[in-house]
Amino acid sequence: MEFFTPFENPSVMIFRDGFDTQEKLFSFSKFFGEFYHDYNKYSEDKPWLFCLANEAAKKFVGDGKSNDNIGGYWHTDYGFLLAPPKYTIIRCVMIPPTGGETSLLDLISAYEDLSDEMKNLLDPLWTIRDWKNDGRNIVRKDISHPLVMTHPTLNKKHLYFSYRHLKINFQDKIGNELVEFLKNHVTQEKYIYTHKWKPNDLIVWDNRCTMHKVHFDFDPSYPRWMERIAIVGNETGKYLDN
């Protein structure tokens, strides 16, 4: 089994061709902490498992619940929670012969490359996530998280936001300009790693200091099936009065 980290920091860990069963995913993931019980759980006896499968894959998945492949935009997982997961762990079960990659984005390096002036401007700011524009209606409250956090184990500052849901508690014009600046800044190629999946690959990413997205550039007649476990994180957010 091959192992590597695509970024200078250990926020993403890649394991090539070492996880050929769900049991191996489960056993390995226990080392990272408590499992988040997913609102889109696979089954009552496996509430920690989130299954992403397109229509072509669903006949292979079994009797549990599967979800269409989602996440084709830059995002962090479950930013609508007060305590988003700290790690996301995904195993590839089936992948089309071409396409269907996952890209990951390094929010530690993206922050470190900012000017001191920009860091001083961004450090005290909070983001706002409007639940009405979220499309899930799971938590029916607007939520706010710090735009800049300090990673509790790496002791490095990093940005934290989801691309599509980014609003900043700042004057409208300046806030909008900051949003566009940040979106353009973090999506530079030097901060991005794109993984070409093979069956039995596994990726662990730190959900606090990375964003990710799926590429839907594959023939949907081929199955794409991933299994995901999320690890419970610490509370960083606060609800806003609606």
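Spatial ordering of the open sheet is given by β10-β5-β12, a layout of three strands whose pairing is antiparallel. Looking at which strands have only one partner, the edges of the open sheet turn out to be β10 (192-195) and β12 (210-214). Going from strand to strand, the sheet's axes swing by 20° on average, the running direction of each strand aside.

Bringing helix α1 (residues 22-29) into the picture now. When α1 is considered as a whole, its buried residues turn out to be Q22, L25, F28 and S29. Around the axis of α1, the buried residues are gathered within 135° of arc, so they sit on the same side. Lining the buried residues of α1 we find β2 (12-16), β4 (87-94), β11 (202-206) and β13 (225-231).

This paragraph deals with the layout of surface pockets. Size it by volume and the second largest pocket reaches roughly 150 Å³. Taken together, the residues that form the lining of the second largest pocket break down as five nonpolar, six polar and two charged.

The full count for this structure, using the stated rule, is 13 aromatic pairs. On the basis of an interplanar angle of 80° and a centroid distance of 6.0 Å, the ring pair of F15 and F19 is categorised as edge-to-face. Note on accessibility: F15 and F19 belong to one class, buried. Each residue in the set F3, F15, F19, F28, F32 and Y87 is aromatic and connected to the rest through ring pairs, giving one cluster. In this structure, K141 packs its charged tip against the face of Y239, placed 4.8 Å from the ring centre. We note K238 situated over the ring of W126; from NZ or CZ to the ring centre the distance is 4.2 Å.

Cut-offs used in this document
Residues numbered from 1 in each chain as written. Predicted model: local features only at pLDDT ≥ 70, side-chain atom pairs only at ≥ 80, totals over all residues. Heavy atoms only, no water. Pairing = 2+ DSSP bridges. Helix = DSSP H or I, 4+ residues; strand = E, 2+ residues; numbered from the N terminus. Axes fitted to C-alpha atoms, helices over the stretch in contact; angles between N-to-C directions. Buried < 20%, exposed > 50% of the residue type's maximum accessible area, 1.4 Å probe, protein only. Arc of directions from axis to C-beta. Contact = heavy atoms within 4.5 Å. 1 Å grid on protein atoms, 1.4 Å probe; cavity = no way out; pocket = protein on both sides within 12 Å on 5 of 7 lines; lining within 4 Å. Points joined across faces, edges and corners; volume = space filled by probe spheres on them. Nonpolar A, V, L, I, M, F, W, Y, C, P; charged D, E, K, R; others polar. Phe/Tyr/Trp six-rings, centres within 6.5 Å; stacked < 30°, edge-to-face > 60°. Lys NZ or Arg CZ within 6 Å of the ring centre and 35° of its normal.

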